[in-house]
Amino acid sequence: MDCAISFTTTLTVIIVVAIFQPPDLAFSATNFILRPPSNNQNRHTMFLPLSLSPPNASLSSSVKSRRHLQKSDSHQSNARMPLHDDLLRNGYYTTRLLIGSPPQKFALIVDTGSTVTYVPCSTCEQCGKHQDPRFQPELSSTYTPVKCTIDCQCDSDKVQCVYERQYAEMSSSSGVIGNDVISFGDQSELTPQRANFGCENVETGDLYSQHADGIMGLGRGDLSIVDQLVEKGVISDSFSLCYGGMDVGGGAMVLGGISAPADMVFTHSNPVRSPYYNIELRELHVAGKRLSLSPAVFDGKHGSVLDSGTTYAYLPEAAFLAFKEAIVKEVNSLKQIRGPDPNYNDICFSGAGSDVAELSKSFPTVDMVFENKQKFSLSPENYLFRHSKVRGAYCLGIFQNGKDPTTLLGGIVVRNTFVTYDREHEKIGFWKTNCSELWERLNVTSAPPPEPSTESKPNSTKVVPPAMAPTGPSHNIIPGEQKVGRITFYLSVNVTYSDLKPYTKELTKIVAKELEINVSQVQLIYFKSEGNNSITRWAIFPAGSASYFSNATAMGIMSKLSEHRVSLPKTYGSYQFSRWSAEPPTKWMWLQRHNIVVVVVIIVMLALSSLAFATWFIWRRRQQTVNAYKPVGAVVPEQELQPL
């Protein structure tokens, strides 16, 4: 009987563990994310410095096919890094950089218009609350301050080099310059390298309020991360960016050379003209018809500048008016409507449908023609953004650049485009591709899954201690649109309760109310507590017996999580929602959703099995007793006769 009980207990534990194994292990292969439509809150996020630095400025400067892409130089490594976020929802793309020993992780905006890489410092007197803890130099065994010399701008005590940057949207960053080991993630062939970077002491404007931690400067200058790696001779003088498409986001970045695809379109980039990455744009065509513009229109002031840190595109007045007129003429079958934001005079059209792949049926192709007569075609997603209030409506993402004659081409123009900044040969190349799938092509050898994406900003004025912050993969990217069977997220809480677990039922109701769903759809799937700090993981399931969410419902839930519109009562102290993701329907999801039913059924079945086994065991023993062997002549006790 003891054997039967032991066997039953062991089997129960094995089955329960198999069903309730940590979700990161059970579903890591299928995690993906769907990006919600833009809310257009970052309409004019621009990162062009007001004061320009010369190309070789020193530290004193203050102000289609499935083919694989191959390295251009077998003697030099490159850093292959995933990009995260979405251009129109966040206003930027970020990558993850690790600084120090042991490494401290940061989400940095990739910005070709900036020449400095900087992160908030633990000593910062005026820094916003971003998605990762501030850099703590005292915790890094390899950190050294860059001492004051004649080659840099010094602090008031003439002890340490400092930097200061101001941007066109009136934000600024200033701090000290430090040197430490910088790592580029597990997927990078490039080993960690020492480099100079800014340790912020003051942030203002958008830099103060943004979710990302800081800026990864890819422009030309001694403090640029690219220039420093090239100077060390560890990469060739080139880098590439690939921004994911509309509603998908993500993408990839490569520091170092990549052999250009045969059909990549190149244009000259003159480093002498300005520190920005300019291109020789000469003509614009709409639906195959050239706009009646002089090539000189695109050559005013700084020329035509490609800036990854700018969200939209901005044309000189004459070019914008001609472009707008041509687009309106080509889409006369669509209805022109008001934009989503009354503060902007957006040009929007309804009636095109919600499928991005079908936009080319309603909107024309736009061609950029360069000085060498090569032509690069823009699909509708390269000049449109979704109307956030009208389904199936889109607005022009190209605007007039005030009275500035500069042509500024932001990230929207190069969505789903692999852009190579070949600085060594003074040219920039464009290659149309699916950037959300590019990571698979870049990893020609086996590589681990993508680095974690940006973690969400804390929702309260206090930051959850980093010791309890979840680790591991966060947001992953899928190509195209798929069904969502489950949405998960982590919630870190720092409360005065000695044990949060008794309050999880109440917490479930709060989460359901904030996400505007039924309580039965919310399930706690992971809980860990250390003192007053607790880390929980939650799963949101479709309503009723449905196996997946409608697209609108999934987008609504993920939008609330990503835009930090889920809040808890003050009694829960400081908290942080992070690492939300969406997963396709799987056969295991039903088991997780109905775990109580499954466990009860398993226990009942095991109990019945145990009872049957015990009954058989007892019957067997009795049979052995009745049929026991009796030697000849043995005394057998008399049996009392039973009455009839």
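See above for the structure.
Student: I'm lost on a nonpolar patch on the surface in this one. Help?
Tutor: Nonpolar side chains collect at one region of the surface, where F613, W616, F617, I618 and W619 lie side by side and expose about 520 Å² of accessible area between them. Mapping W619 onto the fold places it in helix 11 (residues 595–626).

Student: Can you help me understand the sheet that holds strand 31 (residues 574–583) in this one?
Tutor: To summarise the sheet geometry, strands pair through backbone hydrogen bonds and adopt either a parallel or an antiparallel arrangement. Read from one edge to the other, the open sheet built from four strands follows the order 29-30-28-31, with strand pairing classed as antiparallel. Two strands close off the open sheet at either side, each with one partner strand: strand 29 (522–530) and strand 31. Going across the sheet, the axis of each strand differs from the next one's by a mean of 15 degrees, ignoring polarity. Relative to strand 30 (residues 533–540), strand 28 (residues 486–494) runs antiparallel, the two sharing eight bridges. Looking at the pairing, T488 lines up with A539 of strand 30. Sitting on the sheet, helix 8 (residues 504–515) touches strand 28, strand 29 and strand 30, and the angle it makes with strand 29 is about 130 degrees.

Student: Before we go on, may I ask you to explain the nonpolar core in this structure?
Tutor: The nonpolar side chains of a soluble globular protein tend to be buried, and buried together. Core analysis: the biggest nonpolar cluster contains 87 residues, and L218, L255, F323 and F363 have the highest contact counts within it. Here this core takes five residues from helix 6 (residues 317–330), the largest share from any one element. One finds L500, I540, V566 and Y575 within the second-largest nonpolar core, a separate group that totals 28 residues.

Student: Looking at this structure, I do not really get the packing of aromatic side chains. What am I missing?
Tutor: Evaluation of the coordinates by the stated rule reveals 20 aromatic pairs. An angle of 90 degrees between the planes, with centres 5.5 Å apart, marks the rings of F135 and F197 as edge-to-face. On the criterion of sequence distance, the pair formed by F135 in the loop between strand 4 (118–120) and strand 5 (144–145) and F197 in strand 8 (residues 193–204) is long-range, its members being 62 residues apart. For F135, a relative accessible area of 0% translates into the label buried. Geometrically, the ring pair formed by Y143 and F197 is edge-to-face, given 6.4 Å between the ring centres and 65 degrees between the ring planes. Of this pair, Y143 sits in the loop between strand 4 and strand 5 while F197 sits in strand 8, placing them 54 residues apart in sequence. Overall, the relative accessible area of 17% leaves Y143 in the buried class.

Student: Teacher, can you tell me more about helix 5 (residues 225–232) here?
Tutor: For an α-helix, the turn length of 3.6 residues means that residues three or four places apart are oriented alike. Taken residue by residue, helix 5 has I225, V226, D227, Q228 and L229 as its buried positions. Structurally, helix 5 contributes buried residues whose contacts are with strand 7 (172–183), strand 8, strand 9 (214–217), strand 10 (238–243) and strand 11 (251–255). N-cap assignment for helix 5: the residue whose side-chain oxygen lies 3.3 Å from the backbone N of V226 is S224. G233 sits one or two positions beyond helix 5 and adopts a positive phi of about 80 degrees.

Student: Explanation requested: the pattern of salt bridges in the structure shown.
Tutor: Close approach of charged atoms allows side chains with opposite charge to pair. Scanning the model with the defined rule gives 12 salt bridges in all. Residue E583 pairs with R486 through a salt bridge whose shortest N-O separation is 3.0 Å. Residue E583 is found in strand 31, and its partner R486 is found in strand 28; the two are separated by 97 residues along the sequence. Summarising the burial analysis for this pair, E583 and R486 share the class buried. Between E583 and R537 there is a salt bridge, and its shortest N-O distance comes to 3.8 Å. Here the residue E583 occupies a position in strand 31, and R537 occupies one in strand 30, the gap between them amounting to 46 residues.

Criteria and cut-off values
Residues numbered from 1 in each chain as written. Predicted model: local features only at pLDDT ≥ 70, side-chain atom pairs only at ≥ 80, totals over all residues. Heavy atoms only, no water. Patch = residues over 30% accessible without salt bridge, like charges linked within 9 Å, V, L, I, M, F, W, Y side chains within 5 Å. Areas by Shrake-Rupley, 256 points an atom, 1.4 Å probe, with all protein chains shown as cover. Salt bridge = Lys/Arg side-chain N within 4 Å of Asp/Glu carboxyl O. Helix = DSSP H or I, 4+ residues; strand = E, 2+ residues; numbered from the N terminus. Pairing = 2+ DSSP bridges. Axes fitted to C-alpha atoms, helices over the stretch in contact; angles between N-to-C directions. Contact = heavy atoms within 4.5 Å. Core = buried A, V, L, I, M, F, W, Y, C linked by side-chain atoms within 4.5 Å. Buried < 20%, exposed > 50% of the residue type's maximum accessible area, 1.4 Å probe, protein only. Phe/Tyr/Trp six-rings, centres within 6.5 Å; stacked < 30°, edge-to-face > 60°. Polar contact = N/O pair within 3.5 Å; in protein donor to acceptor, adjacent residues only side chain to side chain.

Nothing here speaks to function; it is all geometry.
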